[in-house]
Amino acid sequence: MEKAILTFFAFWLGAALGSFANAAAMRADVGKKWWGKERSVCDACGRALSARDLVPLLSFVALGGRCRSCGAKIPPRHFFAEIVGAALLSLLAWRFGPAPAFLFAAAALPFAAFHSLTDLYTGYIYDSWAIAMAVCGLVMRLPHGLSAVVDGALGAAAGFAVIGAIIIVSRGKMGVGDAMLMLGIGAFMGLKMTLISLYLGFLAGGAVVLPLLAAKRVTRKSAIPLGPFLCAGMFFSMLFGGAMLYFLGYAASWPWI
Ligand SMILES: [Zn+2]
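Residues numbered from 1 in each chain as written. Predicted model: local features only at pLDDT ≥ 70, side-chain atom pairs only at ≥ 80, totals over all residues. Heavy atoms only, no water.

Time to look at the environment of Cys136. Tracing the backbone shows Cys136 in helix H5 (residues 127-141). Taking the C-alpha atoms as reference points, Cys136 and Ala187, 51 residues apart in sequence, are found 8.1 Å from one another. (Helix = DSSP H or I, 4+ residues; strand = E, 2+ residues; numbered from the N terminus.)

Let's shift gears to the coordination of the zinc ion. Around the zinc ion, the donor atoms from the protein are Cys42 (SG), Cys45 (SG), Cys67 (SG) and Cys70 (SG), and they sit 2.3 Å away. Each of the four donor atoms bound to the zinc ion contributes to angles spanning 106 to 116 degrees, and the resulting shape is tetrahedral. As a motif over one chain, the donors of the zinc ion read C-x2-C-x21-C-x2-C. Taken as a pair, Cys45 in the loop between helix H1 (2-29) and helix H2 (58-62) and Cys70 in the loop between H2 and helix H3 (76-96) lie far apart in primary sequence, 25 residues in all. With relative accessibility at 37%, the residue Cys45 sits in the partly exposed group. (Donors = N, O, S within 2.8 Å, 3.2 Å for Na, K, Ca; no water. Tetrahedral: all angles 85-135°; square planar, octahedral: opposite > 155°, others 65-115°. Buried < 20%, exposed > 50% of the residue type's maximum accessible area, 1.4 Å probe, protein only.)

What follows deals with the domain arrangement of the chain. Here the chain is partitioned into domain 1 (1-95) and domain 2 (99-257). Distance from the C-alpha centre of domain 1 to the C-alpha centre of domain 2: 24 Å. Listed as interface residues are 19 residues of domain 1 and, on the opposing side, 17 residues of domain 2. Between domain 1 and domain 2, a total of about 1,700 Å² is buried, with carbon and sulfur atoms accounting for 80% of that surface. Taken as a group, Ala25, Leu92 and Arg95 account for 31% of the area that domain 1 buries against domain 2, more than any other trio of residues on that side. If you look at where domain 1 meets domain 2, you find zero salt bridges. One can count three residue pairs in polar contact (both at pLDDT 80 or more) joining domain 1 with domain 2. Here the side of domain 1 that touches domain 2 is built from residues that sort into 14 nonpolar, two polar and three charged. (Domains from an automatic or database assignment. Contact = heavy atoms within 4.5 Å. Buried area = accessible area lost by both parts, 1.4 Å probe. Salt bridge = Lys/Arg side-chain N within 4 Å of Asp/Glu carboxyl O. Polar contact = N/O pair within 3.5 Å; in protein donor to acceptor, adjacent residues only side chain to side chain. Nonpolar A, V, L, I, M, F, W, Y, C, P; charged D, E, K, R; others polar.)

Below, the discussion takes up a nonpolar patch on the surface. Judged by side-chain polarity, Ile131, Val135, Val139 and Leu142 come together as a nonpolar surface patch covering roughly 350 Å² of accessible area. Ile131 gets classed as partly exposed once you look at its relative accessible area, which sits at 40%. (Patch = residues over 30% accessible without salt bridge, like charges linked within 9 Å, V, L, I, M, F, W, Y side chains within 5 Å. Areas by Shrake-Rupley, 256 points an atom, 1.4 Å probe, with all protein chains shown as cover.)

Now for the side chain of Glu82. Residue placement: Glu82 occurs in helix H3. Buried charged residue Glu82 carries no salt bridge. Nearest counter-charge: Arg77, at 12 Å. Side chain to side chain, Glu82 and Ser19 meet in a polar contact 3.4 Å long. Leaving out residues up to four positions away in the same chain, Glu82 has contacts with Gly14, Ala15, Ser19, Pro56 and Leu57. (Lys, Arg positive; Asp, Glu negative; His and termini not counted.)

Attention now moves to H3. With 21 residues, H3 should cover 30 Å at 1.5 Å per step; its first-to-last C-alpha distance of 30 Å lies within 8% of that length. All of the buried residues in H3 are Phe79, Ala81, Glu82, Gly85, Ala86, Leu89, Ser90, Leu92, Ala93 and Phe96. Against H1, H2, helix H4 (100-122) and helix H8 (227-247) lie the buried residues of H3. Note on H3: the residue one or two positions beyond its end, Gly97, has a positive phi of about 65 degrees. (Expected span 1.5 Å × (residues − 1).)

This is the structure in structure tokens:
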């Protein structure tokens, strides 16, 4: 029962966070400030959106995907970001229930969504927000003591080192942004879960990219954004990492127990 309520709450929180991360990524794309007072406006008629235009999921459905004033189509990426955010966070709520791991997941998800979307929209991962993600992960570990903070720092270092090594070996197939992103993911996940994240992230990347290569939809020289795959790895690791570690004979460390 408790879990059902949390999952319902997580659905709407996830939709709101997805919406926020998408708006922030789109504004970062066009170089607009997204903090402070600047209001969201309709791209077509410029009307400032009011609270009832901004209810996650419901506004889009109620308005039939069109602007209330001018009837212009609202880009569906807004709706997709909300649906995906809602789905991911409610899955994690169902997985963890009311536990510290859920708070970590809820805090990491908007960062991961933002980084994935800026990477998709612009091919760029913002270092400052990757560092902010790492700081957030480390700070959230403070209440559990020094060993938890050290685990986060080791995760960040390991993630950065693995991608850094790939950058050097592949002579720039992956960008420094991807290594910075792993600082953030590592701080949230801790050492063992970071390694699982990388493994699942590369698996997810291979599962998507290899068929595209085979079908010649992309070439080996195409710039494929890797941030979304690293973030997918983090998400899958949150869901399955504990079980995978158990299978390998290890215990997941706090908070992913
Ligand atoms: Zn409009």
